[in-house]
Amino acid sequence: MTANDIAVKVEHVSKYFKLPTEATNSLRTAMVNRFKGIKGYKEQHVLKDISFEVKKGDFFGIVGRNGSGKSTLLKIISEIYMPEKGRVTIDGKLVSFIELGVGFNPELTGRENVYMNGALLGFSRDEIDSMYDDIVDFAELQEFMNQKLKNYSSGMQVRLAFSVAIKAQGDILILDEVLAVGDEAFQRKCNDYFMERKESGKTTILVTHDMNAVKKYCNRAVLVENGLVKAYGEPENVANQYSFDNAVPLVRQEELEDKKAEEKEEILLVDNLQIKLNTPNDITAGDVIEFEIDYDSLEDAETYIALSLTDIDRNIWIYNDNSMDEPCRGKGHKKITYHCTIPSVNNIKMKLEVTVRDKKGKMLAFSNVEQTPIIMVSRKDIKLNDLSALDSASGLIQRNGKWNFH
Ligand SMILES: Nc1ncnc2c1ncn2[C@@H]1O[C@H](COP(=O)(O)OP(=O)(O)OP(=O)(O)O)[C@@H](O)[C@H]1O
């Protein structure tokens, strides 16, 4: 690869912010603090050492949890912030849609705002003239262009700002979390635009929390975590890593304590429920899933297991089973292993939930969030250059149809 193939090169970028810890109103306090070595601020190291390359024509995804520094990174690439260390090299004209409303003036009309925004992006009047109709068409705001922006709804303002960004003829387009923009019809339009853009050979950098978007549009991606690059390269792998890291639902400590208190109030019939996955948690469709369930039955009673594998993203049960027809009897420690396969799914992230029930179906114990195993099924069998198979694998069930052309 030559240097000419690279649109954006990020090398060892580091950025911290100074957050004030105390307000000093007097010069004397400031001097005393300084003398004592008290800084009055603490440093938040948002980006520690970030390096990646975006090639010309890439549709490049940047993902990471809230507060991981994605927007900061985009601002550094867009030269709004300077990094403390490292550097960014850009080859081409860059257009950013980062913070809504930047460069928009509510007292000006839609039309005037398009011209002003275009000028801020570095376009001449003639250039804006030639892209103006396209921008207005995409935003579908023809009748509103002579109204002042302050009379637009917030959705209309977003549409206009977004349309300026995407229709401005830059070489590199930077978009921060835009898929949530606008109503459903506008989102569909953005989807079509992204599909076109993906084919266009122009460079796009997209920050998003939507892993389906990463898989659908991006050809490469990076996952930022704790200021460092955690995964980089194939969007499938990066998106799966992100989904996997975020699969464990966050449960507030108080909720857990409330639940424990509720459990204590009931007479305990089952204790020490443990679930252990014996097979890997990252598998391919059809691989065997095996796990072990352990618990103590405190009474001489019949108990059975009910289990479910729930699709975390879609929140639906994918697979349920129970041992109702083969209950465990008597007091004491119970150890059960179970295995199954989930053969015809594509990519799916599931949580395994287990409950112990009595003869009448009453729940006596359930696996809590900390011990709920997560299982990721991904189509590792599909070759990365098999575009048709990759595209079809975005559905829940593997394709099995036949085409007949007449
Ligand atoms: N100008 C600033 N001054 C001080 N702290 C800042 C500034 N900009 C960002 N931060 C801090 O840097 C951290 C990263 O913020 P950033 O907006 O880059 O994260 P993000 O990954 O884009 O988050 P999100 O997914 O929520 O949009 C946050 O803790 C934020 O408070």
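Named according to an unreviewed UniProt entry, the protein chain is ABC transporter ATP-binding protein originating from Streptococcus oricebi. UniProt lists a comment for the protein chain under the heading Sequence similarities (unreviewed entry), and it reads "Belongs to the ABC transporter superfamily."

> Help me understand the site of the ligand in this model?
Among the 14 residues in the neighbourhood of the ligand, the closest are listed as Gln44, Gly67, Lys70, Ser71 and Thr72. With respect to the ligand, the side chain of Gln44 contributes an N or O atom lying 2.9 Å from an oxygen atom. Between the ligand and Asn66 there is a distance of 3.0 Å, counted from an oxygen atom to a side-chain nitrogen or oxygen. Isolated, the ligand exposes 640 Å² of accessible area, and the fraction of that covered by the protein chains is 63%. Among the secondary structure elements, those contributing two or more residues to the shell around the ligand are β1 (6–20), β2 (41–55) and α2 (70–77).

> So what exactly am I meant to see when it comes to the sheet that holds strand β10 (residues 270–277) here?
Neighbouring strands of a sheet are bound in pairs by backbone hydrogen bonds; such pairs are parallel or else antiparallel. Read from one edge to the other, the open sheet built from three strands follows the order β10-β12-β15, with strand pairing classed as antiparallel. A strand with exactly one partner marks an edge of an open sheet, and here the two such strands are β10 and β15 (332–341). Taking each pair of neighbouring strands and ignoring which way they run, the sheet shows an average axis angle of 15 degrees. Where strand β12 (residues 288–297) and β15 come together, 10 bridges link them in antiparallel fashion. If you follow Ile289 over to β15, its bridge partner there is Cys340.

> Would you mind showing me how to read the packing of helix α4 (residues 125–139) against helix α5 (residues 154–167) here?
The relative placement of two packed helices is expressed as an angle between their axes plus a distance between the axes. Relative to each other, α4 and α5 sit at 135 degrees, their axes nearing to 8 Å. By the angle between their axes, α4 is oblique relative to α5. Here α4 runs over α5; the crossing is right-handed. Touching Met131, Asp134, Ile135, Phe138 and Ala139 of α4 are Arg159, Leu160, Phe162, Ser163, Val164, Ile166 and Lys167, all from α5.

> Please explain the environment of Glu107 as it appears in this structure.
Residue placement: Glu107 occurs in the loop between β5 (94–97) and α3 (110–120). Accessibility expressed as a relative area gives 42% for Glu107, which makes it partly exposed. For the pair Glu107 and Lys148, spaced 41 residues apart in sequence, the C-alpha to C-alpha distance is 5.8 Å. Setting aside chain neighbours within four positions, we find Glu107 in contact with Lys148 and Lys150.

> Would you mind showing me how to read the pairing of strand β13 (residues 303–311) here?
Looking along a regular strand, one sees the side chains alternate between the two faces of the sheet. The buried fraction of β13 is high, at nine of nine residues. Going residue by residue along β13, you find Thr303, Ile305, Leu307, Leu309 and Asp311 tucked away on one face and Tyr304, Ala306, Ser308 and Thr310 tucked away on the opposite face as well. As paired elements, β13 and strand β16 (residues 348–358) share nine bridges and run antiparallel to each other. Bridged to Asp311 within β16 is Met350. Where β13 folds back onto strand β14 (residues 316–322) in an antiparallel hairpin, the turn is made up of four residues, including Asn315, whose phi is positive at roughly 55 degrees.

Definitions and cut-offs
- In this numbering scheme, every chain counts its residues from 1 along its sequence in written order.
- Residue-level local features of this predicted model are given only where pLDDT is at least 70; pairs of side-chain atoms are given and counted only at 80 or more, and the full residue set underlies all totals for whole chains, interfaces and linings.
- Values reported for side chains reflect all heavy atoms of the structure, with hydrogen atoms and water molecules removed beforehand.
- UniProt positions are given in the numbering used here, feature names are shortened, and annotations may be inferred rather than shown by experiment.
- Consider each residue's heavy atoms; a residue with any of them within 4 Å of a molecule or strand counts as near.
- Pairing of N or O atoms within 3.5 Å defines a polar contact, subject to two protein rules: one partner must be a possible hydrogen donor and the other a possible acceptor, and residues neighboring in sequence count only if both atoms are side-chain atoms.
- Computed with a 1.4 Å probe, the accessible areas rest on the Shrake-Rupley method; for each residue, only the protein chains presented here act as cover.
- Only DSSP runs of H or I reaching four residues or more are called helices, and only runs of E reaching two or more are called strands; each is numbered from the N terminus.
- Note: two strands are recorded as paired if DSSP finds a minimum of 2 bridges between them.
- Every axis corresponds to a line fitted to the C-alpha atoms, with the helix fit spanning only the stretch in contact, and the corresponding angles, defined between N-to-C directions, vary from 0 to 180 degrees.
- Between 65 and 115 degrees an angle is taken as roughly perpendicular, under 35 as roughly parallel, over 145 as roughly antiparallel, and anywhere else as oblique.
- Each crossing gets its hand from how the near helix is turned against the far one by less than a right angle, where anticlockwise is left-handed and clockwise is right-handed.
- Any two residues having at least one pair of non-hydrogen atoms within 4.5 Å are treated as being in contact.
- We call a residue buried when its accessible area falls under 20% of the maximum for its residue type, exposed when it is over 50%, and partly exposed in between, using a 1.4 Å probe and counting protein chains only.

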